[in-house]
Amino acid sequence: MTNTIEAEGLVKRYGDKMALDGVDLEARAGSVLGVLGPNGAGKTTAVRILATLVVPDGGSARVGGHDVRKEPAKVRELIGLTGQYASVDEKLTGRQNLVMIGRLLGMNRSAARARAAGLIDRFGLRDAADRAAGTYSGGMRRRLDLAVSLVGEPSIIFMDEPTTGLDPQVRAELWAVVREQIARGATVLLTTQYLEEADQLADEIVLIDQGKVSARGTPDQLKARAGDRRLEIRPEHDAEKAARILAEVTGLSPHHGENGLISVPVLDPTLPPAVFRRLDDAGIVLAEHALRRPTLDEAFLSLVSTPARPPAESPAETPGRSPAHDPADAPAGSAERPSA
Amino acid sequence: MTTRNTFAQGMTLTWRSLVPLRNQPGELIQLLLQPIFMIVIFVVVFGAMSGDQAGAVQHLLPGVLTQVALTQTITTGLRLAEDIGNGVFDRFRSMPIARSAPLMGRILADTATMTLTVAVALLVGAVVGFRIRTSPLEALGGVALLLVFTLALGWVSAWLGLRAKSAASMQGMATAVLLPLTFGSTALIPAANLPSVLQWWAALNPVSHLADSLRALFTGGPAGAHIWITLGWAAAIAAAFVPLAVRAYSRRIR
């Protein structure tokens, strides 16, 4: 059985608003696909389409090899859904929620109870297991929600912003659960607003912004794409002379930062050694030097245009977009509407 | 999806709707207090005002029972709207279960609580002096008629709940439907005492016929055509609203 996720050209409109405007997604079997984007980017809509909750206006998607439109029942047998919009029953206890899901999935009473007990232990809910879920704290609720989605040991798991609003400790616990699921062989599609989360968990990241894919790649590729590496040096003395050498070798005028930090973008990997040789020849001692990649935060900011723009404006005029994401955006403009 | 699976899932979801009554004593108390309050207010207070307490209790209790049962039909749509609003519905939809199971569970659970409410109301009625003067068979017939009619109204409630934007708006709409039905009827006030504009409506109103049927089936006297008219209305309401609710449901659940 394949547990892959593939989507091509997903389109979804809500009234005048394009929630998704030609989004392609692909997750290999056993990998984590991180769907990253600001609020309202269309992440949840994408998950809801893949989890058979929403029918797309255009495009197609296969989950575990089954078309979400033609064989939703087959898809539902493979998936687990957790996050913002799939919720637990607040009036039932944590244990009752878990038993109910087990029974709905066809387990007999004792099997459903045993499975519930195991998940309660695994998710550290023993003390709260027999209290109504409505009394749970935010973190406990998310843990229960995740546990509920894992009752049937799904081979494909959708997690829609599973850690939004949680404190770092609970977040780390949930990350551990995601890693366990991967170790078990499951495929995970995870949406998040947190770069760190995508960086930590995802094998591949798709950046969605205003219903379109604005970039995709591994976390490292995205960081690389977001901007050039920068060579940063802090000379102990002779800062002027060091800056001049930097300029001569790289052919670019260096930027003077705080605390005597001098930096310059470098595209050619042979340049930094050349810079260090010249500085050494000149007898300049460096207090600090680094070849720094941009953080994923910087990548995110340079790839996503957060302020909403009027739809009439051409996307080409939007500042701050990397030109590197053209392939993903190309088919989006020609989103065709299927017969409704 | 086999029929057996569908039935098992429906029963699991019925359990899920009933178990909060056991979990939280507050839920159960709230369910039981409603008939108690209504009976105390209408039967005892209005009965005392009329002077003939015993006669008033015999006349009013079937009417109050009707009102209590009708008010409770709101639950069906309200809980459906809540499940849709807080994402529980989406959880069920993402699972490999029969599409009909959540609706089936809801209706079965509400029928069970309705039976409980009617039993409690009759018990409280006995405490305040209401006496069933007919045969057990006729009395059971009365209970059955009430359950059949509220089940039909439950589908109106379900339809409203499935179409509503929120649980609160569902409650508002349901109240707007129920008020003219319960108060514009002969359930509590004899037709002769109603303003003339309301008299034609009360004569048509199925709730009048339901209340008069219950009176006849519990305390004796001629039921006349009331039972048949009530059943006719129940059939008509069900014929109109079961398909409407199922359609609204399939839209929500596809």
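Residues numbered from 1 in each chain as written. Chains lettered and ligands numbered in written order. Predicted model: local features only at pLDDT ≥ 70, side-chain atom pairs only at ≥ 80, totals over all residues.

Under an unreviewed UniProt entry, the name given to chain B is Transport permease protein, and the source organism is Planotetraspora mira. For chain B, the Sequence similarities (unreviewed entry) comment in UniProt is given as "Belongs to the ABC-2 integral membrane protein family." (UniProt positions renumbered as here; feature names shortened; annotations may be inferred.)

Chain A goes by Daunorubicin resistance protein DrrA family ABC transporter ATP-binding protein in an unreviewed UniProt entry, where it is assigned to Planotetraspora mira. Here chain A is described in UniProt, under the heading Subcellular location (unreviewed entry), as follows: "Cell membrane".

Enquirer: Is there a simple way to explain the overall build of chain B in this structure?
Expert: Per the secondary structure count, chain B includes 11 helices and 0 strands. Beginning at the N terminus, the succession of helices and strands in chain B can be written as α-α-α-α-α-α-α-α-α-α-α. Considered along the principal axes of its C-alpha atoms, chain B spans approximately 60 × 40 × 35 Å. Across the 254 residues that make up chain B, the buried fraction comes to 43%. (Helix = DSSP H or I, 4+ residues; strand = E, 2+ residues; numbered from the N terminus. Buried ≥ 20, exposed ≤ 12 C-beta atoms within 10 Å, placed from the backbone.)

Enquirer: Please explain the sheet that holds strand 3 (residues 32-36) of chain A as it appears in this structure.
Expert: Think of a sheet as strands paired side by side through backbone hydrogen bonds, with each pair either parallel or antiparallel. All names here are of chain A. Read from one edge to the other, the open sheet built from 6 strands follows the order 6-7-8-3-9-10, with strand pairing classed as mixed. The sheet terminates laterally at strand 6 (79-83) and strand 10 (212-217), the two strands that pair on one side only. Strand after strand, the sheet turns through a mean of 15° between neighbouring axes, direction not considered. With 5 bridges joining them, strand 6 and strand 7 (residues 156-160) adopt parallel strand pairing. Of the residues in strand 7, the one forming a bridge with Thr82 is Met159. (Pairing = 2+ DSSP bridges. Axes fitted to C-alpha atoms, helices over the stretch in contact; angles between N-to-C directions.)

Enquirer: Could you clarify how one ought to interpret the confidence of the model for chain B in this entry?
Expert: For residues with low pLDDT, the predicted coordinates do not support detailed interpretation. Model confidence for chain B is summarised by a mean pLDDT of 91, while 99% of its residues fall at 70 or above. The ipTM for the predicted assembly is 0.88, set against a pTM of 0.79. (pLDDT = per-residue confidence, 0-100.)

Enquirer: Would you mind going over the interface of chain B and chain A with me for this structure?
Expert: By a widespread convention, an interface's size corresponds to the accessible area lost as its parts come together. On the chain A side, the residues contacting the 18 residues of chain B number 21 residues. Those elements giving two or more residues to the side of chain B that touches chain A turn out to be helix 1 (3-23) and helix 5 (88-93) of chain B. Among the elements that line the side of chain B that touches chain A, the one with the most residues is helix 1 of chain B, at 7 residues. Class assignment of the residues belonging to the side of chain B that touches chain A gives a composition of 6 nonpolar, 8 polar and 4 charged. (Contact = placed C-beta atoms within 7 Å. Nonpolar A, V, L, I, M, F, W, Y, C, P; charged D, E, K, R; others polar.)

Enquirer: Mind showing me how you'd approach the packing of helix 10 (residues 206-219) of chain B against helix 11 (residues 226-253) of chain B here?
Expert: If you want to describe how two helices pack, look at the angle between their axes and the distance between the axes. Residues and elements named next belong to chain B. With their axes 8 Å apart at the nearest point, helix 10 and helix 11 run at an angle of 135° to one another. Classed by the angle they form, the pair helix 10 and helix 11 counts as oblique. For helix 10 against helix 11, the interelement crossing comes out left-handed. For the pair helix 10 and helix 11, the contacting residues are Pro206, His209, Leu210, Asp212, Ser213 and Ala216 in the first and His226, Ile227, Ile229, Thr230 and Trp233 in the second. Broken down by class, the residue content of the contact of helix 10 with helix 11 amounts to 6 nonpolar, 4 polar and 1 charged. (Parallel < 35°, antiparallel > 145°, perpendicular 65-115°, else oblique. Left-handed = near helix turned anticlockwise from the far one by under 90°.)

Enquirer: Mind showing me how you'd approach the confidence of the model for chain A here?
Expert: All names here are of chain A. Within chain A, residue pLDDT values average 83, and 84% of them lie at 70 or more. Summarising per-element confidence for chain A, the mean pLDDT is lowest in helix 12 (residues 326-329) (34) and highest in helix 3 (residues 94-104) (97). Every residue in residues 306-340 is under pLDDT 50, and counting partners more than four places away or in other chains gives 38 contacts.

Enquirer: I would appreciate a short explanation of the nonpolar core in the present structure.
Expert: The tendency in soluble globular proteins is for nonpolar side chains to be buried side by side. Membership of the largest hydrophobic core comes to 130 residues, with the highest contact counts inside it found for Leu50 and Leu189 of chain A. When residues in this core are grouped by element, the largest group, 11 residues, is from helix 7 (residues 136-163) of chain B. With residues up to four places along the chain from it excluded, the contact list for Leu189 of chain A reads Ile5, Ala27, Leu33, Val35, Val47, Leu50 and Phe158 of chain A. Formed by 11 residues, the second largest nonpolar core is a distinct cluster that contains Ile245, Val249, Val264 and Leu271 of chain A. (Core = buried A, V, L, I, M, F, W, Y, C linked by C-beta atoms within 7 Å.)

Enquirer: Looking at this structure, how should I read the domain arrangement of chain A?
Expert: Looking at chain A, the domain boundaries give domain 1 (5-224) and domain 2 (228-292). When each unit is reduced to the centre of its C-alpha atoms, the spacing between domain 1 of chain A and domain 2 of chain A is 46 Å. (Domains from an automatic or database assignment.)

Enquirer: Just to check I follow, could you spell out the pairing of strand 8 (residues 187-192) of chain A for this structure?
Expert: Consecutive side chains along a regular strand alternate between the two faces of the sheet. Residue and element names in this part refer to chain A. Within strand 8, 6 of the 6 residues are buried, which leaves the element mostly enclosed by the surrounding structure. Going residue by residue along strand 8, you find Thr187, Leu189 and Thr191 tucked away on one face and Val188, Leu190 and Thr192 tucked away on the opposite face as well. Pairing of strand 3 with strand 8, which is carried by 5 bridges, proceeds in the parallel orientation. Paired with Val32 across the strands is Val188, a residue of strand 8. Where strand 7 and strand 8 come together, 5 bridges link them in parallel fashion. Paired with Phe158 across the bridge in strand 8 is Leu189. Crossover connection from strand 7 via helix 6 (residues 168-183) to parallel strand 8: handedness right-handed. (Right-handed = clockwise from strand over helix to strand, strands pointing away.)

Enquirer: Explanation requested: the UniProt feature "transmembrane region" (unreviewed entry) in chain B in the structure shown.
Expert: Residue and element names in this part refer to chain B. Within this structure's numbering, the places UniProt gives as "transmembrane region" (unreviewed entry) are residues 28-49, 107-130, 142-162, 174-192 and 225-246. Helix makes up 100% of residues 28-49 and strand 0%, and the two end C-alpha atoms of the span are 31 Å apart. Span residues 142-162 is 100% helix and 0% strand, its end C-alpha atoms 30 Å apart.

Enquirer: How do you make sense of the UniProt feature "domain: ABC transmembrane type-2" (unreviewed entry) in chain B when you look at a structure like this?
Expert: Annotation from UniProt places "domain: ABC transmembrane type-2" (unreviewed entry) at residues 26-252 of chain B. For residues 26-252 of chain B, the end-to-end C-alpha separation is 31 Å, with 82% helix and 0% strand making up the annotated structure.

Enquirer: For this particular structure, what's the right way to read the pairing of strand 3 of chain A?
Expert: Residue and element names in this part refer to chain A. Of all 5 residues that make up strand 3, 5 are buried, and the element is covered over most of its length. Where burial is concerned, the two faces of strand 3 agree: the one with Val32, Gly34 and Leu36 and the one with Leu33 and Val35 are both buried. Of the pairings in the sheet, the one linking strand 3 to strand 9 (residues 204-209) comprises 4 bridges and is parallel in character. In the sheet register, Leu33 faces strand 9, and the bridge partner there is Glu204.

Enquirer: What am I meant to see in the sheet that holds strand 13 (residues 262-266) of chain A here?
Expert: All names here are of chain A. Strand order in the open sheet made by the 4 strands is 12-13-11-14, with antiparallel pairing throughout. Looking at strand neighbours, the two that pair on one side only are strand 12 (255-256) and strand 14 (286-292), the edges of this open sheet. Where strand 12 and strand 13 come together, 2 bridges link them in antiparallel fashion. Bridge assignment links His255 to a residue of strand 13, and that residue is Ser263. Against the sheet, helix 9 (residues 239-250) touches strand 11 (229-235) and strand 13, its axis set at about 5° to strand 13.

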